[in-house]
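Structure assessment
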Amino acid sequence: MEKTQILVIGRHTEILATVVRLVNNNPDWNATGCLSDEEAIAAFHSQDFKVVLLGGGVDEISEGKLNEYFYTQKPDIKIVQHFGGGSGLLSAEIFEALGR
Amino acid sequence: MAQTILHKANTRGHADHGWLHSYQSFSFAGYYNPQRMNFGALRVLNDDTVDPGMGFGKHPHDNMEIISIPLEGGLEHKDSMNNVAVIKNGDIQAMSAGTGIFHSEYNFDRSSEVKFLQIWIYPNKRNVEPRYDQISLNLEDRHNKLQQVLSPNADDAGVSIHQDAWFHLGKFDKGLSNEYTIKKEGNGVYAFVLNGEVIINGETLSSRDALGIWDTDKFIIEAGTDAEFLLIDVPMKF
């Protein structure tokens with residue numbers, strides 16, 4: 001089965017790495033982590049992402065800019081403000097976004 | 001008209017990791033129930049028991065208000081802000097993860113279990129500077145009355161967090177009742193019974209049962225037996 005592609009954006013290197021690792025613990029998911037808006041926008045075109053997780057340190061200006069860009073490019077994308085870092089919330093938030 | 005939701009103890013998620021037994025009131029880690037995602041700004045209420053000397057290794061958090069309330073034993077905390085502390089029954093710990101922190105939590109005792117509540121509240125402000133606080137409470141201040149242990153205000157009783165939330169602990173003798181006034185318009189209360197029997201809004205709750213109540217400004221809480229409980233007063237929209 002093709003893996004669900006998930007784009008993770010966060011400003012904290014270690015937390016981003018942890019979130020990516022935790023997402024990838026699910027064999028059906030594949031995470032791509034990006035530290036900057038520019039990196040995320042570039043990566044957005046590299047895969048058929050289903051979910052974007054906006055993580056720690058992404059401020060409201062960046063969030064607005066990224067939301068507008070991603071929704072314009074792909075109106076059915078699910079964008080989730082991920083709270084909690086590498087945490088117990090991750091799977092539930094992704095399942096919610098995927099509508100399971 | 002008050003709205004309520006009943007969460008019986010045996011409907012919670014359960015994780016058995018050998019060293020950790022966790023009962024989860026809301027979806028957490030491997031437990032996913034779309035009907036149990038949160039109660040307003042309350043996102044996590046885990047009822048954890050950790051084996052002697054075991055615990056949660058170093059791991060990160062961001063943008064979450066994390067509260068620990070030990071019920072038995074001692075919990076050793078270390079974090080990336082250089083805080084090292086042991087909290088025990090009668091203490092409360094609050095941590096604002098904000099822009100990001102790493103921490104670990106271990107059972108300080110090498111011979112007995114630690115039992116504690118782990119509570120996560122969505123913050124009302126993102127990317128704040130991380131901070132840590134813990135205080136020791138006077139257990140007598142909750143005997144037959146409500147003891148405020150958390151609020152949004154640093155100069156108020158208890159620890160403070162970045163959310164319009166208030167926590168109260170009560171230890172009531174059988175038959176005692178008390179009216180609780182919800183602290184802020186739009187807030188609701190998640191009442192969690194620690195032990196004994198409590199009656200709220202005609203609903204009898206046993207140990208580890210919970211009742212969420214909202215769309216009201218006050219309610220009566222009555223002890224059906226000697227009982228201890230926690231009231232979590234949080235915004236329903238945030």
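Only a predicted model underlies this, so the values are computations on that prediction, with no experimental measurement involved.

When helices and strands are tallied, chain B shows 0 helices and 22 strands. Expected size for 238 residues packed as a compact globule is a radius of gyration near 18 Å; at 17 Å, chain B falls within 12% of this value. Considering only contacts within chain B whose residues lie at least 6 apart along the sequence, 71% involve residues at least 24 apart.

Below, the discussion takes up the environment of Glu-93 of chain A. Residues and elements named next belong to chain A. Among the secondary structure elements, Glu-93 is positioned in helix α4 (residues 90-98). The exposure class of Glu-93 is buried, given the 21 C-beta atoms found within 10 Å. Between the C-alpha atoms of Glu-93 and Phe-83, which are 10 residues apart in sequence, the distance is 9.4 Å. Setting aside its immediate chain neighbours within four residues, Glu-93 contacts Val-80 and His-82.

This part takes up helix α1 (residues 13-24) of chain A. The terminal C-alpha atoms of α1 of chain A, which comprises 12 residues, lie 17 Å apart, in line with the 16 Å expected from a rise of 1.5 Å per residue. Burial in α1 of chain A covers these residues: Ile-15, Leu-16, Thr-18, Val-19, Val-20, Leu-22 and Val-23 of chain A.

Another point: the nonpolar core. Val-8 and Ile-9 of chain A together with Leu-150 and Ala-191 of chain B are the most contacted members of the largest nonpolar core, which has 84 residues in total. Each of domain 1 (12-136) and domain 2 (139-238) of chain B gives at least three residues to this core. Contacts of Ala-191 of chain B, omitting those with residues within four sequence positions, involve Ile-200, Ala-210, Leu-211, Ile-213, Ile-221, Phe-229 and Leu-231 of chain B.

Right, let's talk about the domain arrangement of chain B for a bit. Residues and elements named next belong to chain B. Entries for chain B in the domain assignment read domain 1 (12-136) and domain 2 (139-238). The C-alpha centroid of domain 2 is placed 20 Å from the C-alpha centroid of domain 1. The interface of domain 1 with domain 2 comprises 23 residues on the first partner and 22 residues on the second. Of all the secondary structure elements, the ones that give two or more residues to the side of domain 1 that touches domain 2 are β4 (42-50), β6 (65-72), β9 (91-96) and β12 (131-136).

Let's shift gears to the interface of chain B and chain A. Opposite the 20 residues of chain B that make contact, chain A presents 19 residues. Taken together, the elements giving at least two residues each to the side of chain B that touches chain A come down to β4 and β5 (55-61) of chain B. Here the side of chain B that touches chain A gets 3 residues from one element, more than from any other, and that element is β5 of chain B. Grouping the amino acids of the side of chain B that touches chain A by side-chain chemistry returns 11 nonpolar, 7 polar and 2 charged.

Parameters at a glance
- Residues numbered from 1 in each chain as written.
- Chains lettered and ligands numbered in written order.
- Predicted model: local features only at pLDDT ≥ 70, side-chain atom pairs only at ≥ 80, totals over all residues.
- Helix = DSSP H or I, 4+ residues; strand = E, 2+ residues; numbered from the N terminus.
- Rg over C-alpha atoms; globule rule 2.2 N^0.38 Å.
- Contact = placed C-beta atoms within 7 Å.
- Buried ≥ 20, exposed ≤ 12 C-beta atoms within 10 Å, placed from the backbone.
- Expected span 1.5 Å × (residues − 1).
- Core = buried A, V, L, I, M, F, W, Y, C linked by C-beta atoms within 7 Å.
- Domains from an automatic or database assignment.
- Nonpolar A, V, L, I, M, F, W, Y, C, P; charged D, E, K, R; others polar.

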